[in-house]
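Descriptive analysis of the structure
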Amino acid sequence: MSSFVHEPIVEMRNIEKHFGPVIALNGVSFDIRPGECHCLLGDNGAGKSTFIKTMAGVHKPTRGEILFEGRPMSFDSPRDAMEAGIATVYQDLAMIPLMSVTRNFWMGREPVKRVGPIRFMDFRTANDVTMEEMRKMGINLRSPDQAVGTLSGGERQTVAIARAVYFGAKVLILDEPTSALGVRQTANVLSTIDKVRKAGIGVVFITHNVRHALAVGDRFTVLNRGKTLGTAQRGQITPEELQELMAGGQEMVALEGSLGGTV
Amino acid sequence: MSSMGAAADERVKETSNLRKALIRPELGAIVGTVAVFAFFIVFAGDSGMFNAQGVLNWSTVSAQFVIIAVGACMLMIAGEFDLSVGSMIGFAGMSIAIISVTLGWPVWVAILLTFVLCIAIGALNGLIVVRTGLPSFIVTLAFLFILRGFTIFFPQLIERRTIIGGVSERAAGDWLAPVFGGKVGGFFFDWLASMDMIAVFERGTRAGEPIVNGIPMLIIWALGLMIVAHVVLTRTQFGNWIFAAGGDAQAARYVGVPVNRVKIQMFMFTAFCACVFATCQVMEFGSAGADRGLLKEFEAIIAVVIGGALLTGGYGSVIGAALGALIFGVVQQGLFFAGVESSLFRVFLGVILLFAVILNTYIRRIITGER
């Protein structure tokens, strides 16, 4: 398995993040290797968002180390992290629905044909590449001029993922990409994750849905109250154990008993 | 998966070419323009509204609206408003008059200094909006009062009146003034007159000369600004940033679009357009008045909205805004030609605004998948 062969692309050691008196992260360790899908699980308020924002360069850790390809690294902005190859797809901030797929895909990195001082956007190249990249992800667009608003939630996530992959992401952080999706669309996004992983990119998949995580994950790290409770390999942990780690224990067992099944 | 792959979604209907041609952001404005012209051809067709002089009359008025609508359109797509446009027009005109007439400096210096001043105020508007995060509605409303106040205060302080004339005399022989106040294509109209295709003066000192003796630079500015803005918006990298800044500023920032810079530059462009309007007006009238440009900001915004732009930004069309401005100009002047009470202008305008916006909203939902 590739995850044992390669060195981590990003390694985060004992990350702490304090916001004034609030300790959001209190010693989190996590790493991501090429070609694996590492799931980060945790209930609401566990610190998942703070943690990935630290990884994506939005927050600076109060304490702890970030190693990028073996070297200590400090990102000053999301732009820095992006340029190093860490791309983040935020659940609701990925796309602008009023704009076309092509305009969204190339936003901020438009292909340019210079005529004197004017930087014209090379729409032919832009459209062709967009259609091709979307086809690779299994989505055939009606037209590259189609507004993103006309796509389904799963397709929007896929545009964002295809964009990150095309622009050379080494690590792709997906912030709850499946939480607002239906069954079919979730399956599509999970299969996209699989395609991305096979291309040798490390995927950090944030979710609070154990089933979604187990469907594609190679490793699973559970975050609870700002701390990592450990990392498990695929096949070493059952859904019930994972669920229990996430919810943090006893009352969940009682609750599930009264509801008659795994939540 | 079927043999046709993911393309075959049986729930997506094939769209016809006619439908594709019709489903565009400008449709509301196009329909409105056709309706307005049809109306006046029927009710004022023989009133002189469509001879050379009449056409020039409503095109000049429409061109004024186009100039400020283009600026307002670009800014609105970038997600902001400028309510200080009208006051800026009065302010810029007064600035030119005071610098050239009262101070006695050359007119070209007055024009250039005024442009620098107005664009700087536009930049200040933008800077305050992006730094404080306040709605541009409020910030520019403040400048609506501030600029209008100065426009009334300074001429009273300096000249003890609110209208400063004498700009025409000062502009005679100036190299820059004709760029705003001049006319082009005079030879063409002479030729048309010699072919008996347009009317000529029958008496007086200009007997034999065509009544319409050139296209005002105002119209050239309107066309030029419209074309440049349209190309920038739809064809360039910067155009994509304008859409992105208005569509979702945060999402745009995440992918490295310099949103604040784009917004500030659009405020500066709006100020530039207001200044072009003011300069043309001062050169035409030969004077500046403290009440010039009143309510122009709303007229610009209405033209832009008739043109299909979304008030909340991220969506719109310069061509649509220009058509909206044309509707404005044609209706305002057309009711005069048709001999209808001019107060009906407002009624007519309100009706058109309502219908165009309803149609636009419907079209936009089809295009963008909004619900």
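Above: the structure in question.
One structure accompanies this document, and this report is about it. (Residues numbered from 1 in each chain as written. Chains lettered and ligands numbered in written order. Predicted model: local features only at pLDDT ≥ 70, side-chain atom pairs only at ≥ 80, totals over all residues.)

**Considerations on helix α5 (residues 123-136) of chain A**
All names here are of chain A.
- A rise of 1.5 Å per residue sets the reference length of α5, with its 14 residues, at 20 Å; its end C-alpha atoms lie 20 Å apart and thus fit the reference within 8%.
- Within the span of α5, buried status applies to Ala126, Thr130 and Met134. Summarising the axial view, the buried residues of α5 lie within an arc of 50 degrees, below the 170-degree limit, and thus occupy one face. Seen from the buried face of α5, the exposed residues on the opposite side, beyond 90 degrees, are Arg124 and Glu132.
- Next to the buried residues of α5 lie α4 (101-106), β8 (118-121) and α6 (153-166). (Helix = DSSP H or I, 4+ residues; strand = E, 2+ residues; numbered from the N terminus. Expected span 1.5 Å × (residues − 1). Buried ≥ 20, exposed ≤ 12 C-beta atoms within 10 Å, placed from the backbone. Arc of directions from axis to C-beta. Contact = placed C-beta atoms within 7 Å.)

**Some remarks on the nonpolar core**
- Core analysis: the biggest nonpolar cluster contains 185 residues, and Leu172(A), Ala69(B), Val70(B) and Ala274(B) have the highest contact counts within it.
- Ranked by residue count, the leading element in this core is helix α13 (residues 259-285) of chain B, at 17 residues.
- Both domains that meet at this core, namely domain 1 (2-98 + 147-259) and domain 2 (99-146) of chain A, each give it at least three residues.
- With near-sequence residues (within four places) excluded, Leu172(A) lies in contact with Ala87(A), Val89(A), Ile161(A), Ala164(A), Val196(A), Ile201(A) and Val203(A). (Core = buried A, V, L, I, M, F, W, Y, C linked by C-beta atoms within 7 Å. Domains from an automatic or database assignment.)

**Points about the pairing of strand β7 (residues 112-115) of chain A**
- As judged from the 4 bridges shared by β7(A) and β8(A), these two strands associate in the antiparallel manner. In the sheet register, Lys113(A) faces β8(A), and the bridge partner there is Phe120(A). (Pairing = 2+ DSSP bridges.)

**Some details on the interface of chain A and chain B**
- Taken residue by residue, the interface counts 25 residues in chain A and 26 residues in chain B.
- Ranked by residue count, the leading element in the side of chain A that touches chain B is β8(A), at 4 residues.

**Description of the sheet that holds strand β4 (residues 63-68) of chain A**
Residues and elements named next belong to chain A.
- Pairing is antiparallel across the open sheet formed by 4 strands, whose spatial order is β2-β1-β4-β5. At either end of the open sheet lies a strand with only one pairing partner, and these are β2 (22-32) and β5 (71-72).
- Pairing analysis gives 5 bridges linking strand β1 (residues 10-19) to β4, with the strands arranged antiparallel. Directly across from Glu16, in β4, lies its bridge partner Arg63.
- In the packing of helix α2 (residues 48-55) onto the sheet, the strands contacted are β1 and β2, and the crossing angle to β1 comes to about 120 degrees. (Axes fitted to C-alpha atoms, helices over the stretch in contact; angles between N-to-C directions.)

**Some remarks on the pairing of β1(A)**
All names here are of chain A.
- Sheet topology note: the β1/β2 ladder contains 8 bridges and is antiparallel. Among the inter-strand pairings, Lys17 is bridged to a residue of β2, identified as Leu25.
- A loop of 2 residues connects β1 with β2, the two strands running antiparallel in sequence, and Gly20 in this loop sits at a positive phi of about 55 degrees.

These figures capture arrangement, not role.
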